[in-house]
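Summary of the model geometry
Spelled out from the first residue to the last, the chains are:
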Amino acid sequence: MGTILAYPKSLLRFLEQFTSCFSKPQFSNFLQMTNGIALSSYAAISRIGRMFEPGDPSAVNKFLTQSPWEEKKVKENLHTMMFKHIPDVTTFIGDDTLSEKPFARCMDGANKHYSGMHKKHVNGHALVTCGFYHQDGFIPFDVQLYLKKQDAQKLHRQFATKNEIMCEKIDTVSIIHKPYLMLFDSWYANTTIFKKLKEHEIHFITQLKSNRNVTMHRRKRQIINHAKDIQIADYNITTIDQRLFRYYETDGFISGVGTIKIIYTQMYLNDDKQWSDLHFIITDMLFLSAEQTIQLYLQRFSIEVFHREAKQQLGLDAYQLTSIRGIERYLFLVMLVYVMLMVLSRLLAMKSQGHTSIGKLRELLKEECYTTLLKKARIQTVYERSIIAKRLSYVF
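So, a few notes on the structure that sits alongside this text. As the structure is a prediction and not an experimental result, all values here were calculated from the model.

**Points about helix α7 (residues 162–176)**
One full turn of an α-helix is made of 3.6 residues, so residues set three or four places apart face in the same direction. When the terminal C-alpha atoms of α7 are compared, their 21 Å separation across 15 residues agrees well with the 21 Å that a helix rising 1.5 Å per residue should span. Inspection of α7 places K162, N163, I165, M166, C167, K169, I170, V173 and S174 among the buried residues, and these make up the whole buried set. On its buried face, α7 sits against β1 (91–100), β3 (120–132), β4 (139–146), β5 (181–184) and α8 (191–199).

Set out below in structure tokens:
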């Protein structure tokens, strides 16, 4: 009876560039998995395995957990394609997010991690992510599971801290497509990251925690105490990206980093009718104005949009795989699909169709599949149409 759904041609033309990375059966499963992530509302592998090919759905599971394909080779092809279609990116962003698995008992690598959203430790996987800012949205470069030391030992993996993982990503991206600037939050504002960026001559903009020691006017003390010396009347007020900010700029010195520009800043919260908590933004680019520094740092939040969209639209945190190999491959393929959709969005924008969101792109791809399906329905038997209808009701 052939395929249940035809692969959308607009996505297929990108995915076919990975043919050389797989055997023929592997590539068939690769197509099913990536198209399933892009189109299905469910992350269950059993559902994805029934969307396009009428064969054994367990083959897709084996493709993730057992099949001997090389993720490194696929990733190299992905990066080549990514920078071919979106070369004009210079700002690198690093962060981490949590894939919550509250009921996971037999899932490799799942452990208690602190959740900024819940303000407590929750069970799941910590994911270290990085990528590039683009005016149309965040372009992911890599995603990697962070394993706690006891989990790494249990799985016979070399343990690496989040900082060490991020440093490895900085090393890798500097070889492939060296960024000019890196943005990250206060968690990564430490000597390890600063040293790595200095090694590669990459500038930074980040935040400091309020208890971080900074030398100003020959006095080394917590930055919050320096800020207390400044009167509100000394702050400037400006509008950036249609949001109201007040700020005070100065400079200081951090051992191992050098002289830095420091900006104390608050954003006005319209809903609460009050100013936000005080934030301490720093950069080694002393030539930037305070407004330019704040505006650039706001680009960091594009990675949080990626986290949200990848979870809500592509099931980044919806997997139920138990083996570490399957989980890592699934996360990588979600990232790959996100990149493909961003490339597709860029091409549509170049045709004067404007920016297209990930959600809208998924709708367009589904529409393409359904249109092809309805055209084929005219030459299929009633029985074939009823079988396809049952399968579609299960997978979508």
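What follows continues from the structure just given.
**Quick word on the packing of aromatic side chains**
The full count for this structure, using the stated rule, is 24 aromatic pairs. Ring centres 5.8 Å apart and planes at 85° place the aromatic pair Y264 and F280 in the edge-to-face group. Of this pair, Y264 sits in strand β11 (residues 258–269) while F280 sits in strand β13 (residues 279–283), and the two are 16 residues apart along the sequence. Counting every residue linked through ring pairs, the aromatic cluster contains F18, F22, F27, F30, F63 and W69. The ring of Y319 has K101 lying over it, and the distance from NZ or CZ to the ring centre is 4.0 Å.

**Re the pattern of salt bridges**
It is possible for side chains of opposite charge to pair when their charged atoms get near one another. Tallying each qualifying case throughout the model produces 14 salt bridges. K169 serves as the salt-bridge partner of D142, at 2.9 Å between the closest nitrogen and oxygen. A residue pair is termed long-range when its members are at least 10 positions apart, and D142 in strand β4 and K169 in helix α7 qualify at 27 residues. The pair formed by D142 and K169 is uniform in burial state, with each residue classed as buried. Note that D171 and K196 form a salt bridge whose closest N and O atoms lie 3.1 Å from each other. With D171 in helix α7 and K196 in helix α8, the pair connects residues that are 25 residues apart, well separated along the chain. Its relative accessible area of 13% is what places K196 among the buried residues. Through salt bridges with shared partners, a single ionic network connects K75, D142, E168 and K169.

**As for the packing of helix α2 (residues 24–39) against helix α4 (residues 58–65)**
The geometry of α2 relative to α4 is characterised by a closest axis approach of 9 Å and an angle of 100° between their N-to-C directions. Considering the angle they form, α2 stands roughly perpendicular to α4. Contacts from Q26, N29, F30, Q32 and M33 in α2 reach A59, V60, F63 and L64 in α4. Each residue belonging to the contact of α2 with α4 can be placed in one class, and the counts come to six nonpolar, three polar and no charged.

**Some words on the pairing of strand β8 (residues 219–222)**
Judged from the four bridges that link them, strand β7 (residues 213–216) and β8 form a sheet pairing that is antiparallel. Of the residues in β8, the one forming a bridge with N213 is Q222. Linking β7 to β8, which pair antiparallel, is a turn of two residues; within it H217 sits at a positive phi near 55°.

**Quick word on unusual backbone geometry**
Residues other than glycine predominantly adopt negative phi, and peptide bonds predominantly adopt the trans conformation. Phi angles above zero are rare outside glycine, and E201 is one such case at about 60°. In this fold, E201 is placed in the loop between α8 and β6 (203–208). Among the residues examined, E201 registers a relative accessible area of 66% and is labelled exposed. Notably, R218 is not glycine yet its phi reads approximately 65°, a positive angle. Of note, R218 is situated in the loop between β7 and β8. Among the residues examined, R218 registers a relative accessible area of 87% and is labelled exposed.

**Thoughts on the layout of surface pockets**
For the largest pocket, the calculated volume is near 1400 Å³. A per-class count over the lining of the largest pocket returns 17 nonpolar, 13 polar and 15 charged. Elements with a minimum of two residues in the lining of the second largest pocket: α5 (71–85), β4, α7 and α12 (324–353). The class makeup of the residues in the lining of the second largest pocket is 12 nonpolar, four polar and 11 charged.

Reading guide: rules and limits
- Residues numbered from 1 in each chain as written.
- Predicted model: local features only at pLDDT ≥ 70, side-chain atom pairs only at ≥ 80, totals over all residues.
- Heavy atoms only, no water.
- Helix = DSSP H or I, 4+ residues; strand = E, 2+ residues; numbered from the N terminus.
- Expected span 1.5 Å × (residues − 1).
- Buried < 20%, exposed > 50% of the residue type's maximum accessible area, 1.4 Å probe, protein only.
- Contact = heavy atoms within 4.5 Å.
- Phe/Tyr/Trp six-rings, centres within 6.5 Å; stacked < 30°, edge-to-face > 60°.
- Lys NZ or Arg CZ within 6 Å of the ring centre and 35° of its normal.
- Salt bridge = Lys/Arg side-chain N within 4 Å of Asp/Glu carboxyl O.
- Axes fitted to C-alpha atoms, helices over the stretch in contact; angles between N-to-C directions.
- Parallel < 35°, antiparallel > 145°, perpendicular 65-115°, else oblique.
- Nonpolar A, V, L, I, M, F, W, Y, C, P; charged D, E, K, R; others polar.
- Pairing = 2+ DSSP bridges.
- 1 Å grid on protein atoms, 1.4 Å probe; cavity = no way out; pocket = protein on both sides within 12 Å on 5 of 7 lines; lining within 4 Å.
- Points joined across faces, edges and corners; volume = space filled by probe spheres on them.

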